[in-house]
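Coordinate inspection notes
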Amino acid sequence: MSDWKRAVPIIGAMSAALAVALTRVLAAVHLMPGVVAAREAAIVDSAFAAVLRIDVLIFAVVIATLAYILLFFRAGAEGGEGKRFESSPGRMVEIAWMALSCVLTLGLAAYGSEEFLALRGSREAEVDVQVRAAQWSWDFSYPALNATPASLILPKGKRARISITSEDVLHSLWIPAFRLKQDALPGRVNTLYVTPLVTGTYEIVCAELCGLDHTNMRSTVEVVEPEEFEARLKGETW
Ligand SMILES: [Cu+2]
């Protein structure tokens, strides 16, 4: 049997074992924050999980191949040359690898575009909030309700449009529980759409190094029941 025909089942078995072990470890680690607090968070999580599955497979095949080569082709004890790879599948492997790479790249691009469009959705929203970032705090205002609460308040189940700008340098509004992040740029308004699904209070963090107190540039978003929303905003106005 030629070298590569013997190698394929061994590398295949090693890859499968490694992929199963890695999948188990990753399932135990929980890479994403525990709470999935918005419709958008579920979309990001499913895309992340899909890409991670592909990454695990590729990683397992590469590492298993490397391990196989190290094990079976290492130099002899006396420092002599190791075993040589005598035969090669040649062009077939190159063609298969290129075809697979193309399918994978185009498939991921199509999947990513679909998920991105699902994430952005339409430009309609039921709630409008303006966010102004400045060194080193966040200001929130609701023009339709004439309210300026100290933190962000959103009604559960309603699509909100968050218009973000900056007074000075680059900042970035990041809400890990929503899996959303949007840059705040001076002289420009960026929009973010979100439909919160779980009531609670979640962290807002600045995700762009913006100066001395960057790490303290934090706030919170509170997701409340829709019937409480306006009353909460009135109570928070100052
Ligand atoms: Cu900042």
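Residues numbered from 1 in each chain as written. Predicted model: local features only at pLDDT ≥ 70, side-chain atom pairs only at ≥ 80, totals over all residues.

With that settled, the discussion passes to the nonpolar core. Residues Val 129 and Val 131 are the most contacted members of the largest nonpolar core, which totals 29 residues. Looking at this core, the elements that each hand over two or more residues are β1 (127-134), β2 (137-141), β3 (152-155), β4 (160-166), β5 (171-175), β7 (190-194), β8 (200-206) and β9 (218-224). The element that contributes the greatest number of residues to this core is β1, accounting for 4 residues. What Val 131 contacts, discounting residues up to four positions off in sequence, is Trp 138, Phe 140, Ile 162, Ser 163, Ile 164 and Leu 173. (Core = buried A, V, L, I, M, F, W, Y, C linked by C-beta atoms within 7 Å. Buried ≥ 20, exposed ≤ 12 C-beta atoms within 10 Å, placed from the backbone. Helix = DSSP H or I, 4+ residues; strand = E, 2+ residues; numbered from the N terminus. Contact = placed C-beta atoms within 7 Å.)

To continue, consider the packing of helix α2 (residues 39-72) against helix α3 (residues 91-120). For the pair α2 and α3, the least separation of the axes is 9 Å and the interaxial angle reads 170°. Looking at the two axes, α2 sits roughly antiparallel to α3. Each of Glu 40, Ile 43 and Ala 47 in α2 lies in contact with α3, whose residues at this interface are Glu 115, Ala 118 and Leu 119. Within the contact of α2 with α3, the residues separate by chemical class into 4 nonpolar, no polar and 2 charged. (Axes fitted to C-alpha atoms, helices over the stretch in contact; angles between N-to-C directions. Parallel < 35°, antiparallel > 145°, perpendicular 65-115°, else oblique. Nonpolar A, V, L, I, M, F, W, Y, C, P; charged D, E, K, R; others polar.)

If you walk across this open sheet you meet the 4 strands as β2-β1-β4-β7, and the pairing is mixed. Strands with a single pairing partner mark the edges of an open sheet, and in this sheet they are β2 and β7. The sheet shows a mean angle of 25° between the axes of neighbouring strands, direction not considered. Looking at chain direction, β1 and β2 are connected through 5 bridges and run antiparallel. Across the sheet, residue Ala 134 finds its bridge partner in β2, namely Ser 137. (Pairing = 2+ DSSP bridges.)

Here we come to the environment of Lys 181. Along the polypeptide, Lys 181 turns up in strand β6 (residues 180-184). For the pair Lys 181 and Ala 207, spaced 26 residues apart in sequence, the C-alpha separation works out to 7.8 Å. The contact partners of Lys 181, leaving out residues within four places of it in the chain, are Ser 172, Leu 173, Trp 174 and Ala 207.

Turning our eyes to something else, we now look at the pairing of β6. Where β5 lies against β6, 5 bridges are found, and the strand directions are antiparallel. In the strand pairing of β6, Leu 173 is matched with Gln 182. A loop of 4 residues connects β5 with β6, the two strands running antiparallel in sequence, and Arg 179 in this loop sits at a positive phi of about 55°.

What follows concerns the domain arrangement of the protein chain. As far as domains go, the protein chain holds domain 1 (3-74 + 90-120) and domain 2 (127-236). Distance from the C-alpha centre of domain 1 to the C-alpha centre of domain 2: 35 Å. On the side of domain 2, 14 residues touch domain 1, which itself brings 10 residues to the contact. A per-element tally of the side of domain 1 that touches domain 2 places α2 first, with 5 residues. Among the residues forming the side of domain 1 that touches domain 2, the class breakdown is 6 nonpolar, no polar and 4 charged. (Domains from an automatic or database assignment.)

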